[in-house]
Amino acid sequence: MHGWSKDCDACGKPIYIQHKDDGSTRVYSALESKGGKSKWKNWVKHSEAEPDCEYQYQHGGEA
């Protein structure tokens with residue numbers, strides 16, 4: 001598993017793109033989770049944290 005942080009191309013908010021060993025990719029809101037700092041065990045999918053963001057449509061796959 002590996003990944004990287006960047007600003008979302010669609011909404012500009014910080015995200016973490018995670019590539020798992022099985023080939024799947026997940027995109028999480030990297031720095032904010034339910035009003036506070038994200039912790040590894042409570043990260044929120046970017047599509048849930050930012051439902052109006054167009055990231056998944058621009059890049060295909062699950063945000």
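Peer 1: Quick one: what's the story with the overall build of the chain, residue by residue and with numbers?
Peer 2: In terms of regular secondary structure, the chain is built from two helices and six strands. Order of helices (α) and strands (β) in the chain, N terminus to C terminus: β-β-β-β-β-β-α-α. Looking at the chain as a whole, 27% of its 63 residues qualify as buried. In the structure as shown, the chain presents an accessible area of about 4400 Å², 47% of it carried by carbon and sulfur atoms.

Peer 1: Describe the sheet that holds strand β2 (residues 14-19), and please don't skip the residues or the numbers.
Peer 2: One open sheet holds the four strands; their spatial order is β1-β2-β3-β6, and the pairing between them is antiparallel. With partners counted over all chains shown, the strands left at the sheet margins are β1 (2-7) and β6 (44-45), one partner each. Sheet analysis places strand β3 (residues 25-29) next to β6, joined by two bridges and oriented antiparallel. Bridging across to β6, Ser29 finds its partner in Val44.

Cut-offs and rules
Residues numbered from 1 in each chain as written. Predicted model: local features only at pLDDT ≥ 70, side-chain atom pairs only at ≥ 80, totals over all residues. Heavy atoms only, no water. Helix = DSSP H or I, 4+ residues; strand = E, 2+ residues; numbered from the N terminus. Buried < 20%, exposed > 50% of the residue type's maximum accessible area, 1.4 Å probe, protein only. Areas by Shrake-Rupley, 256 points an atom, 1.4 Å probe, with all protein chains shown as cover. Pairing = 2+ DSSP bridges.

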